[in-house]
Amino acid sequence: MTDLSTMGGDADPKDLANPQPLYRLLREAGPAVDMGPADEGGLDSGSGDGLVIVGGNDDVRHVLAHPDVFSSGIDAVAIGQVRPLIPLQIDPPQHKHYRRLLDPIFAPRQVATLEDQTRALARGLIEPLVDQGGCQFHSSVAEPFPTTVFLQLLGLPVSRAREFIDLKDGIIRPPVKTSEERVAYTAEVGKEIYAVLQEAIDARMEERGEDFISLFLDAEVDGHRLTNDDVLDIGYLFFLAGLDTVTASLDCMLAYLAQHPEQRRRIVEDSTIIPQAIEEMLRWETPVQGIVRVTTQDTEIRGCPIAEGRVVAVMLGSANTDDDAWPDAHDVDFDRAENRHIAFGGGVHRCLGSHLARMELRVALEEWHRLIPEYSLPDGIELLYSQGLRSVDNLELVW
Ligand code: HEM
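Every value quoted in this text rests on a predicted model; they were computed, and no experiment measured them.

Criteria and thresholds
Residues numbered from 1 in each chain as written. Predicted model: local features only at pLDDT ≥ 70, side-chain atom pairs only at ≥ 80, totals over all residues. Heavy atoms only, no water. Helix = DSSP H or I, 4+ residues; strand = E, 2+ residues; numbered from the N terminus. Buried < 20%, exposed > 50% of the residue type's maximum accessible area, 1.4 Å probe, protein only. Contact = heavy atoms within 4.5 Å. Areas by Shrake-Rupley, 256 points an atom, 1.4 Å probe, with all protein chains shown as cover. Lys, Arg positive; Asp, Glu negative; His and termini not counted. Charge placed at Lys NZ, Arg CZ, Asp CG, Glu CD. Donors = N, O, S within 2.8 Å, 3.2 Å for Na, K, Ca; no water. Core = buried A, V, L, I, M, F, W, Y, C linked by side-chain atoms within 4.5 Å. Pairing = 2+ DSSP bridges. Axes fitted to C-alpha atoms, helices over the stretch in contact; angles between N-to-C directions. Near = heavy atom within 4 Å. Polar contact = N/O pair within 3.5 Å; in protein donor to acceptor, adjacent residues only side chain to side chain. Nonpolar A, V, L, I, M, F, W, Y, C, P; charged D, E, K, R; others polar. Phe/Tyr/Trp six-rings, centres within 6.5 Å; stacked < 30°, edge-to-face > 60°. Lys NZ or Arg CZ within 6 Å of the ring centre and 35° of its normal. Salt bridge = Lys/Arg side-chain N within 4 Å of Asp/Glu carboxyl O.

1. Some thoughts on the overall build of the protein chain
Phase 1 of the analysis: What the protein chain contains, in helices and strands, is 16 helices and 11 strands.
Phase 2 of the analysis: Seen through its C-alpha atoms, the protein chain measures out along the principal axes to roughly 60 × 60 × 40 Å.
Phase 3 of the analysis: The burial tally for the protein chain puts 54% of its 399 residues in the buried class.
Phase 4 of the analysis: When contacts within the protein chain are restricted to residue pairs at least 6 apart in sequence, long-range pairs at least 24 apart make up 69% of them.
Phase 5 of the analysis: On the protein chain, roughly 17400 Å² of surface is accessible, and the fraction owed to carbon and sulfur atoms is 51%.
Phase 6 of the analysis: Of the side-chain charges in the protein chain, 35 are positive and 67 negative, and the distance between the mean point of each set is 4 Å.

Okay, structure coming up:
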C-alpha cells in the first residue's frame, strides 16, 4: 500500500519510479496537507516545523501566482547558499530586473544558434555506443551531454566536469539523514562552488571570453553594473539548475521509452512527433517533482489554514497528473491536443532555461533514436530514481 509519508522521507523505489498514485493520494488527503514536525514523524522541511504539501492543479497554480504570500526567498530552501540565489530567491518587484537581463540570453532565437554544436556533441557521445550493444545511459549520455553544453555556456572548464557534477550532487543529493546534517554538509559543498565560480570570475576580470560570466561582468541592471556577489549568486543557481535538470529529464524519458516500446516506435517512425512527446513526458514524469515556498503571512488554501513562516512544498508532478484538471490525466498521449503542464514551474519564477532545455532534449532524442532505435531495459533490473529531481543513476539500456 502506498504510504503518503514517503512523499519526502525514505521512499520505496517503486513509489519513486511511479509517483503518480502517490500524488493522487496526496490530493485526496486535502488541498494543503500539514505533515507536522519532522521529529514527530512528519517530513523534514529544514525549518523544524515540517512541510505543508500542496498537490492540486488549481492550488499549485494559486501558490505560484502569489509570490507576495508564498515567497521563494532564501528561507524556503537551504542549498549551501550564503545569499539569495538570483533570480530564484528574489521576490518581485526586484525579480523582474534580473529577468529582464537574463531572458534575452535564453530566448529561442539565441538558443537556436547553439543547435548545430549541441547536435554534434550528442552525435559524438552516442555514435561510439552503437556497436556496444548496451550502455549505462545516465553516465554515458544523460550526464555528459547537458553538462558539457552548460559548462561551455557559463565559461567553466569542461575538463573539470566530473568535479562539478560531484559538487552539484553534493547539494542536490547530499549523503545525510537529518536536516542539521544537510545544512552543515551543503554549507561546505557550497563554499567549494563559490570558490570555483570566483576562480572563473577572476579569470574573466583579467580577460573576457565568449561566455555568460563575461557577459554578466559587463551587464547592467537598472543602470548599475552587477557586483561580484551578484555574478556569484547567478552563477551558483545556474550551476545547480543547468547541471541537473536536463540530465534528470533525459533519464526519465529514456527509462519511460525503454519500458513502452509502442511509444518508442512512434518516435522512431516519425521523428517530427518528438517535440510533442517531450512535452507529454515532461508532464507525466515531471522530473522536478516539487518546489518550495515559504509563507510571508497567515493564509489558507481552499479553507486549509497555513501559518506564516511555514515551508510549503508545491508538487508540480501532482498538478500535472491531477484527474480534475486533465482529460485522461493518467494516459500518456503524445497526441494530446493541449498540454499546458507546469514541469518548468509557473508564475514569475517559471524556468529561465526552458527553451535551452527543450532544444537539448529534442536534439538528444532525435540523435539517439536515429542511431539506436531499438533498445530496452535488461531483464530484472529495478530502476532507482532519486527523489525530488528524478534522475536514474542505474539506467542501463541494451540493444
Ligand atoms: C528539463 C529541464 C528543466 C526543468 C524541468 C526545469 C525546471 C524548473 C522549474 C520547475 C523551475 C521553477 C523553480 C521555482 O519556481 O522554485 C525552474 C526555474 C529556473 N530554471 Fe529551470 N529547468 C530545466 C532546465 C533549466 C536549464 C537548462 C537552466 C539553465 C540556466 C535553468 C535555469 C533556471 C533558472 C535560472 C530558474 C529560476 C528562474 C527565476 O527564478 O526567475 N533551468 N526550472
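Now that the structure has been shown, the text picks up again.
2. Some words on the coordination of the iron atom of the ligand
Phase 1 of the analysis: Only one protein atom coordinates the iron atom of the ligand: Cys-351 (SG), located 2.3 Å from the metal.
Phase 2 of the analysis: Tracing the backbone through its elements, the reader meets Cys-351 in the loop between helix H15 (316-319) and helix H16 (354-371).

3. Topic: the nonpolar core
Considering soluble globular proteins, one finds that nonpolar side chains tend to be buried as a cluster.
Phase 1 of the analysis: Judged by nonpolar contacts, the single largest core of 94 residues is most densely connected at Phe-137, Phe-238 and Trp-368.
Phase 2 of the analysis: Sort the elements by how many residues they give to this core and helix H12 (residues 228-259) lands first, with 18 residues.
Phase 3 of the analysis: Other than its neighbours up to four places away in sequence, Phe-238 contacts Leu-102, Phe-106, Phe-150, Leu-154, Phe-212, Phe-216, Leu-243 and Leu-352.
Phase 4 of the analysis: In terms of nonpolar packing, the next biggest core, distinct from the first, is built from 16 residues, Val-52, Val-60, Val-69 and Leu-316 among them.

4. Focus on unusual backbone geometry
Phase 1 of the analysis: The amide bond that connects Ile-86 to the next residue, Pro-87, takes the cis arrangement and shows omega of 0°.
Phase 2 of the analysis: With an omega of 10°, the peptide bond running from Pro-92 to Pro-93 counts as cis.
Phase 3 of the analysis: Mapped onto the elements of the fold, Pro-93 is located in the loop between strand E3 (70-71) and helix H4 (94-102).
Phase 4 of the analysis: In this structure, Asp-222 takes a positive phi of about 55° despite not being glycine.
Phase 5 of the analysis: Here Asp-222 is to be found in the loop between strand E5 (220-221) and strand E6 (224-225).
Phase 6 of the analysis: Of note, the phi angle at Thr-286 is positive, near 35°, even though the residue is not glycine.
Phase 7 of the analysis: Within the secondary structure, Thr-286 sits in the loop between helix H14 (274-285) and strand E7 (290-295).

5. Focus on the pairing of strand E10 (residues 311-315)
Phase 1 of the analysis: Among the five residues in E10, five count as buried, and that is most of the element.
Phase 2 of the analysis: Every second residue of E10 is oriented toward a common face, with Val-311, Ala-313 and Met-315 on one face and Val-312 and Val-314 on the other, all of them buried.
Phase 3 of the analysis: Pairing geometry for strand E2 (residues 51-54) and E10, over four bridges, is parallel. In the strand pairing of E10, Leu-51 is matched with Val-311.

6. With respect to the sheet that holds E2
Phase 1 of the analysis: One open sheet accounts for five strands, arranged E1-E2-E10-E7-E3; its pairing is mixed. Each end of this open sheet is capped by a strand with a single partner; those strands are strand E1 (33-34) and E3.
Phase 2 of the analysis: Helix-sheet contacts for helix H3 (residues 57-65) involve E2, E3, E7 and E10, and the interaxial angle to E10 is about 125°.

7. Let's talk about the site of the ligand
Phase 1 of the analysis: Inspection of the region around the ligand gives 26 residues, with His-95, Arg-99, Arg-293, His-349 and Cys-351 positioned closest.
Phase 2 of the analysis: Between an oxygen atom of the ligand and a main-chain N or O atom of Leu-88, the distance comes to 3.3 Å.
Phase 3 of the analysis: In this structure, Arg-99 approaches the ligand through a side-chain N or O atom, which is 2.7 Å from an oxygen atom.
Phase 4 of the analysis: Of all the secondary structure elements, the ones that give two or more residues to the shell around the ligand are H4, H12 and E7.
Phase 5 of the analysis: In terms of residue count, H12 provides more of the shell around the ligand than any other element does, six residues in total.
Phase 6 of the analysis: Looking at the shell around the ligand residue by residue, the class counts come to 17 nonpolar, six polar and three charged.

8. Looking at the packing of aromatic side chains
Phase 1 of the analysis: Enumeration according to the criterion identifies 11 aromatic pairs in this entry.
Phase 2 of the analysis: Taking 5.9 Å as the distance between ring centres and 75° as the angle between the ring planes, the aromatic pair formed by Phe-216 and Phe-238 counts as edge-to-face. Of this pair, Phe-216 sits in helix H11 (residues 212-218) while Phe-238 sits in helix H12, and the two are 22 residues apart along the sequence.
Phase 3 of the analysis: For Phe-238, a relative accessible area of 5% gives the class buried.
Phase 4 of the analysis: By way of ring pairs, the aromatic residues Phe-106, Phe-150, Phe-212, Phe-216 and Phe-238 are connected into one cluster.
Phase 5 of the analysis: The residue whose ring lies beneath Arg-264 is Tyr-375, and the NZ or CZ to ring-centre distance is 5.5 Å.
Phase 6 of the analysis: Here Arg-283 stacks its cationic end above the ring of Trp-326, 5.2 Å away from the centre of that ring.

9. Focus on the environment of Arg-266
Phase 1 of the analysis: Structurally, Arg-266 can be placed in helix H13 (residues 261-269).
Phase 2 of the analysis: With relative accessibility at 31%, the residue Arg-266 sits in the partly exposed group.
Phase 3 of the analysis: Sequence separation between Arg-266 and Pro-327 is 61 residues; the distance between their C-alpha atoms is 22 Å.
Phase 4 of the analysis: Dropping the residues within four chain positions of it, Arg-266 is found in contact with Ile-273, Phe-334 and Asp-335.

10. Notes on the pattern of salt bridges
Pairing is possible between side chains of opposite charge, provided their charged atoms come close.
Phase 1 of the analysis: Per the counting criterion, the structure on display carries 34 salt bridges.
Phase 2 of the analysis: Here Lys-168 ties to Asp-169 by a salt bridge, and the two come within 2.9 Å at their closest N and O atoms.
Phase 3 of the analysis: Overall, the relative accessible area of 2% leaves Lys-168 in the buried class.
Phase 4 of the analysis: A salt bridge links Arg-390 to Glu-285, with the nearest nitrogen and oxygen atoms 2.9 Å apart.

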